Amino acid sequence: RCFAARGEALLAFERYLGGSSNRAQFEHMHLQLVPLPHDVANGAREAFEREGASRGVRFEVLAAGTRLSDALPTAEPFFAVELPSGETLLHKLATNQRRHPLQFGREVIAQLIGKPERSDWKRCLPQEQPGGPPLGELERELASSFQEVFAPFAPTFD
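Treat the numbers as computed from the prediction; the structure is a model and nothing was measured.

1. Details of the overall build of the chain
On a plain count of helices and strands, the chain comes out with six helices and five strands. Its helices and strands in sequence order give the chain the pattern α-β-β-α-α-β-α-β-β-α-α, from N to C terminus. Across the 158 residues that make up the chain, the buried fraction comes to 29%. A separation threshold of at least 6 residues defines the contact pool for the chain, and within that pool the share at least 24 residues apart is 53%. Just so you have it, the chain exposes about 10500 Å², and 51% of that area is on carbon and sulfur atoms.

This is the structure we're talking about:
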């Protein structure tokens, strides 16, 4: 609702890796939420499917309202994109011969917004500008700005 109030659509993507290595269990997950202008977000499904097809990454389309736990009855590595429509694109590693690249979600979104250089997270970090505030202060300002925007939507535990 926060981003909808700003005229944006929310796209979420996550990747989960789990298994064993050298008899030690490990689990690793990333969840990223990206607000996009509606006209850009409307092209997300096509962009993910097109880029996936070019790399041999196949998606199963889950209808809006379908929970990932229903599509993944046992824990297995996956990449999923929840589209603004509520549909989810699911790539199960166990049933696909091709693994998705580590930065797949970022790469597709960077292409979608016309800024391919932003697929590298290091290029998304705030930069000190000559005559501007120090980096620590700039980061605090960005965090404070987000907190102000999000405050009306933050969950309360009254």
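What follows picks up the thread again.
2. Quick look at the nonpolar core
Judged by nonpolar contacts, the single largest core of 19 residues is most densely connected at Leu-11, Phe-48 and Val-81. Mapped by element, the contributors of at least two residues to this core are β1 (8-21), β2 (24-37), α2 (38-41), α3 (44-54), β4 (78-82) and α5 (104-112). When near neighbours in sequence (up to four residues on either side) are disregarded, Val-81 contacts Leu-11, Ala-12, Phe-13, Phe-48, Glu-87, Thr-88 and Leu-89. Within the second largest apolar cluster, seven residues are counted, among which are Tyr-16, Ala-71, Phe-78 and Ala-80.

3. Considerations on the packing of α3 against α5
Remark: α3 packs on α5, axes separated minimally by 10 Å, with the N-to-C direction vectors making an angle of 125 degrees. What the angle tells us is that α3 and α5 run oblique. Seen along the crossing, α3 lies across α5 with a hand that is right-handed. Counted together, Ala-44, Ala-47, Phe-48, Glu-51 and Gly-52 of α3 and Phe-104, Gly-105, Val-108, Ile-109 and Leu-112 of α5 form the full contact between these two elements. Broken down by class, the residue content of the contact of α3 with α5 amounts to seven nonpolar, two polar and one charged.

4. Quick notes on the pairing of β4
With respect to burial, β4 is a largely interior element, four of its five residues being buried. Bridge count between β4 and strand β5 (residues 88-92): five bridges; the pairing is antiparallel. Bridging from a neighbouring strand, Phe-79 pairs with His-91 of β5. Following β4, the chain reverses through five residues before pairing antiparallel with β5; Gly-86 in that reversal takes a positive phi of roughly 95 degrees.

5. Looking at a nonpolar patch on the surface
Together, Leu-10, Met-29, Leu-31 and Leu-33 line one region of the surface with nonpolar side chains, adding up to about 390 Å² of accessible area. Among the elements that take part in the nonpolar patch, β2 stands out by supplying three residues, more than any other. Counting through the fold element by element, Met-29 comes out in strand β2.

6. Some thoughts on the pairing of β5
Along β5, five of the five residues are buried, which leaves the element largely enclosed by surrounding structure. Where burial is concerned, the two faces of β5 agree: the one with Thr-88, Leu-90 and Lys-92 and the one with Leu-89 and His-91 are both buried.

7. Brief notes about the pattern of salt bridges
Under the definition given, this model contains seven salt bridges. Two residues, Glu-8 and Arg-6, come together in a salt bridge whose shortest N-O distance is 3.4 Å. With a relative accessible area of 47%, Arg-6 lands in the partly exposed category. Between Glu-46 and Arg-50 there is a salt bridge, with the nearest N and O atoms lying 3.2 Å from each other. You can see Glu-46 and its partner Arg-50 sitting in helix α3, four residues apart, about one turn around the helix. Through salt bridges with shared partners, a single network forms among Arg-45, Glu-49 and Glu-87.

8. Quick look at the packing of aromatic side chains
Tallied over the entire structure, the rule returns eight aromatic pairs. Here the aromatic rings of Phe-48 and Phe-79 are separated by 6.3 Å at their centres, their planes lie at 35 degrees, and the arrangement is tilted. With Phe-48 in helix α3 and Phe-79 in strand β4, this residue pair connects regions lying 31 residues apart in the sequence. Each member of the pair Phe-48 and Phe-79 is classed as buried. Between Phe-146 and Phe-150, the ring centres sit 5.5 Å apart and the planes meet at 15 degrees, which makes this aromatic pair stacked. A residue pair is termed a helical-turn pair when its members lie 3 or 4 positions apart in one helix, as Phe-146 and Phe-150 do in helix α6 (residues 135-150) at four residues.

What counts as what
Residues numbered from 1 in each chain as written. Predicted model: local features only at pLDDT ≥ 70, side-chain atom pairs only at ≥ 80, totals over all residues. Heavy atoms only, no water. Helix = DSSP H or I, 4+ residues; strand = E, 2+ residues; numbered from the N terminus. Buried < 20%, exposed > 50% of the residue type's maximum accessible area, 1.4 Å probe, protein only. Contact = heavy atoms within 4.5 Å. Areas by Shrake-Rupley, 256 points an atom, 1.4 Å probe, with all protein chains shown as cover. Core = buried A, V, L, I, M, F, W, Y, C linked by side-chain atoms within 4.5 Å. Axes fitted to C-alpha atoms, helices over the stretch in contact; angles between N-to-C directions. Parallel < 35°, antiparallel > 145°, perpendicular 65-115°, else oblique. Left-handed = near helix turned anticlockwise from the far one by under 90°. Nonpolar A, V, L, I, M, F, W, Y, C, P; charged D, E, K, R; others polar. Pairing = 2+ DSSP bridges. Patch = residues over 30% accessible without salt bridge, like charges linked within 9 Å, V, L, I, M, F, W, Y side chains within 5 Å. Salt bridge = Lys/Arg side-chain N within 4 Å of Asp/Glu carboxyl O. Phe/Tyr/Trp six-rings, centres within 6.5 Å; stacked < 30°, edge-to-face > 60°.

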